[in-house]
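# Secondary and tertiary structure notes
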Amino acid sequence: MKKRPLAVHLIWHPSAEEKASSTIKRLNEVLFKTDLKSFSRCIDIPFFYYSSENESDKPREVERNHANSNLIFAFIDDNLVHNSEWKEYVKKLNAEKYLIQIFLTREVIKNAPIEGRNGIRFETLNSSINKLVLSMLNEIYRVVVGKDEPTGDKSSLKLFLSHTKADDFAIKIVNDLR
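Figured I'd write up the structure that's included with this text. (Residues numbered from 1 in each chain as written. Predicted model: local features only at pLDDT ≥ 70, side-chain atom pairs only at ≥ 80, totals over all residues. Heavy atoms only, no water.)

### As for the overall build of the protein chain
In terms of regular secondary structure, the protein chain is built from five helices and five strands. Evaluated residue by residue, the protein chain yields a buried proportion of 41% over its 178 residues. Intrachain contacts of the protein chain at a sequence separation of at least 6 include 66% that bridge at least 24 residues. Carbon and sulfur atoms make up 50% of the accessible area of the protein chain, which totals about 11,100 Å². (Helix = DSSP H or I, 4+ residues; strand = E, 2+ residues; numbered from the N terminus. Buried < 20%, exposed > 50% of the residue type's maximum accessible area, 1.4 Å probe, protein only. Contact = heavy atoms within 4.5 Å. Areas by Shrake-Rupley, 256 points an atom, 1.4 Å probe, with all protein chains shown as cover.)

So, in structure tokens, the structure goes:
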């Protein structure tokens, strides 16, 4: 079986279910075909989801054999960093070249499973799922085009949007992207 160039994996502790589900729902709306956009094209990147029903049980191992590169997003919340099994589970993923921690609160950064590795800070995105999805798409883009730059504001995609003053709809788009 031929491997795909990229697979995306999302991992979350059961206590982060609400934010993870909202993010997955929005990613699906943006990236995949739906009933409303059945004739549109979509990216052909497989997404895999990992969690568990019980907070004390860690999820199954990440399946790395589906693609040449694997991008892993780990939702980091208070319960994950205070559960030794879950924290160890995420630490083992540190060997992955493309592992992005999504810090759901400011407090978890100090106790993150992988210290010294940058990530997406949900709080600095005004706790907006849309902005989180944009940050995740930026990371997916970075892996697809082969940029090994660090994550974060300094390496973000820069856009210049002009002539938005005359159009209320354009102003709304610009404000949503900020």
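Next comes the rest of the write-up.
### Things to note about a nonpolar patch on the surface
Together, Tyr 141, Val 144 and Val 145 make up an exposed nonpolar region whose accessible area comes to about 280 Å². Along the chain, Tyr 141 falls in helix α4 (residues 129-144). Residue classification places Tyr 141 among the partly exposed positions, given a relative accessible area of 43%. (Patch = residues over 30% accessible without salt bridge, like charges linked within 9 Å, V, L, I, M, F, W, Y side chains within 5 Å. Salt bridge = Lys/Arg side-chain N within 4 Å of Asp/Glu carboxyl O.)

### A closer look at the side chain of His 13
Inspection of the secondary structure puts His 13 in the loop between β1 (4-12) and α1 (17-31). Separated by 2.9 Å, the side chains of His 13 and Ser 15 make a polar contact. Among the polar contacts made by the side chain of His 13, one reaches the main-chain carbonyl oxygen of Glu 55 at a distance of 3.4 Å. Setting aside residues no more than four positions away along its own chain, His 13 makes contact with Ser 51, Glu 55, Asp 77, Asn 79, Leu 80, Asn 83 and Trp 86. (Polar contact = N/O pair within 3.5 Å; in protein donor to acceptor, adjacent residues only side chain to side chain.)

### Let's talk about the nonpolar core
One finds Val 8, Leu 10, Phe 47, Leu 71 and Phe 73 to be the most contacted residues of the largest nonpolar core, which totals 27 residues. Only β1, α1, β3 (67-76), β4 (98-103) and α4 provide two or more residues apiece to this core. Among the elements that line this core, the one with the most residues is α4, at five residues. Contact partners of Phe 73, with chain neighbours within four places excluded, come to Val 8, His 9, Leu 10, Ile 11, Ile 100, Ile 102, Ile 120, Met 136, Glu 139 and Ile 140. By size, the runner-up hydrophobic cluster in this structure holds 20 residues, among which are Phe 48, Val 90, Leu 99 and Ile 114. (Core = buried A, V, L, I, M, F, W, Y, C linked by side-chain atoms within 4.5 Å.)

### Things to note about the pairing of β3
Here β3 lies mainly inside the structure; eight of its 10 residues are buried. The sheet contact formed by β1 and β3 spans eight bridges and is parallel. By the bridge assignment, Trp 12 is partnered in β3 with Phe 75. Note: β3 against β4, six bridges, orientation parallel. Bridging across to β4, Ile 72 finds its partner in Leu 99. (Pairing = 2+ DSSP bridges.)

### Brief notes about the sheet that holds strand β2 (residues 47-50)
Across the sheet, which stays open at both edges, the five strands sit in the order β2-β1-β3-β4-β5 with parallel pairing between neighbours. Looking along the sheet, the strands with just one partner apiece sit at the ends: β2 and β5 (119-121). Within this sheet the neighbouring strands show an average axis-to-axis angle of 20 degrees, counted without direction. Here β4 runs beside β5; their pairing, made up of three bridges, is parallel. From the neighbouring strand, Ile 102 faces β5, where its bridge partner is Ile 120. (Axes fitted to C-alpha atoms, helices over the stretch in contact; angles between N-to-C directions.)

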